[in-house]
Amino acid sequence: MIAILGTGKMGEALLSGLLRAGLRSEQIIATARRPDRADALRERYGVAVADNAEAAKGAETLILAVKPQDMQTLLAEIAPYVPADRLVISVAAGITTGFVESRLEGQVPVVRVMSNTPVLVDEAMSVISAGSYASEEHLKRTEALLSPVGKVLRIPESQQDAATALSGSGPAYFFYLVEAMVDAGILLGMPRAAALDMVTQSIVGAAIMLRDSGEHPVILREAVTSPGGTTISAIAELERHRVRAAFLDAIEAARDRSRRLASG
Ligand SMILES: NC(=O)C1=CN([C@@H]2O[C@H](COP(=O)(O)OP(=O)(O)OC[C@H]3O[C@@H](n4cnc5c(N)ncnc54)[C@H](O)[C@@H]3O)[C@@H](O)[C@H]2O)C=CC1
Ligand SMILES: O=C(O)[C@@H]1CCC=N1
């Protein structure tokens, strides 16, 4: 039995992914704070929804998916019901395995995960790190849960805040870029729907080329950039506006925010 504690956006994305990966709804128990949310989860997925203590008692794997700021309260609530033969997987940004371990009783295996919302389309990027009491077997169990819904990579826990900034938040940067490009299309007089189609297909095509060709992004960009042509005119403006520097600063800020999240 797998318990998902705090089934919001990320918890629900993981829940739907686990079901698509072949888990039966009877193998999953979810928790939610609001009764209307609990009803929606029961109705949508046919899973049981219980309180945190009950869910923790019945499951051998617990996925903690509340916001970092709510983690302390959740751990206090479940600690008496989580013996050391359980696996606790935390997907919260900024929450270290040490934070979770120190609030549970005994030497509970904890694996820290940073995934992202493309879990909804089985294209997640999930990075995982073992806590002090998690073994190879616990990492393998975590990989088995997450690999049907995307790519899984093991990283040292010291890199988790950076990964949160890069791939956890990553999809948001691409959506933001799409918004900006569609606005540009509107400025040039394109209908919004057509502009969105063009930008979306361009980003999908570019992403698949990146993933499947094995080519470096610089090579792929050079192939689009004709001498004296249109692309270099656009790139010149991006450079003039220091977009690359803005990305470096933005992702560094996200990493720093992740580091501070556990303290609220
Ligand atoms: N949204 C995203 O793209 C990603 C989110 N995350 C992490 O996932 C976690 C959840 O984020 P979201 O899903 O975006 O937030 P959310 O606010 O949609 O989900 C959190 C849910 O937990 C519930 N909750 C809070 N305290 C609870 C408690 N004591 N018992 C039961 N339920 C409780 C809330 O009512 C809410 O439904 C965060 O820790 C975040 O860092 C990680 C990667 C990506
Ligand atoms: O914005 C956040 O804090 C979460 C963590 C990574 C993506 N969303």
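As annotated in an unreviewed UniProt entry, the protein chain carries the name Pyrroline-5-carboxylate reductase and comes from Sphaerimonospora thailandensis. According to UniProt, the comment filed for the protein chain under the heading Pathway (unreviewed entry) is "Amino-acid biosynthesis; L-proline biosynthesis; L-proline from L-glutamate 5-semialdehyde: step 1/1." Taken verbatim from the UniProt record of the protein chain, the Function (unreviewed entry) comment is "Catalyzes the reduction of 1-pyrroline-5-carboxylate (PCA) to L-proline."

Draft legend 1. Representation of helix H1 (residues 9–20) within the structure. A rise of 1.5 Å per residue sets the reference length of H1, with its twelve residues, at 16 Å; its end C-alpha atoms lie 17 Å apart and thus fit the reference within 8%. If you check which residues of H1 are buried, you get Met10, Gly11, Glu12, Ala13, Leu14, Leu15, Gly17 and Leu18. Buried residues along H1 sit against strand E1 (2–5), strand E2 (28–31), helix H2 (35–45), strand E4 (61–64) and helix H6 (136–146). After H1 finishes, the residue Gly22 shows a positive phi value of roughly 115 degrees.

Draft legend 2. Representation of the UniProt feature "binding site: NADP(+)" (unreviewed entry) in the protein chain. According to UniProt, the "binding site: NADP(+)" (unreviewed entry) feature falls on Leu5, Gly6, Thr7, Gly8, Lys9, Met10, Ala65, Val66, Lys67 and Pro68. Maximum C-alpha separation among the annotated residues is 13.8 Å over a sequence range of 64 residues, consistent with a single clustered spot. Mapping Thr7 onto the fold places it in the loop between E1 and H1. Those residues in contact with Thr7 that lie beyond four places of it in its chain are Glu12, Leu15, Ala30, Thr31, Ala32, Leu41 and Ala65. As for its position among the elements, Ala65 is in the loop between E4 and helix H4 (71–78). Given 28 C-beta atoms within 10 Å, Ala65 falls into the buried group. Apart from the residues lying within four places of it in its own chain, the contact partners of Ala65 are Ile4, Leu5, Gly6, Thr7, Gly8, Met10, Gly11, Leu14 and Val91.

What counts and what doesn't
- Residues numbered from 1 in each chain as written.
- Chains lettered and ligands numbered in written order.
- Predicted model: local features only at pLDDT ≥ 70, side-chain atom pairs only at ≥ 80, totals over all residues.
- UniProt positions renumbered as here; feature names shortened; annotations may be inferred.
- Helix = DSSP H or I, 4+ residues; strand = E, 2+ residues; numbered from the N terminus.
- Expected span 1.5 Å × (residues − 1).
- Buried ≥ 20, exposed ≤ 12 C-beta atoms within 10 Å, placed from the backbone.
- Contact = placed C-beta atoms within 7 Å.

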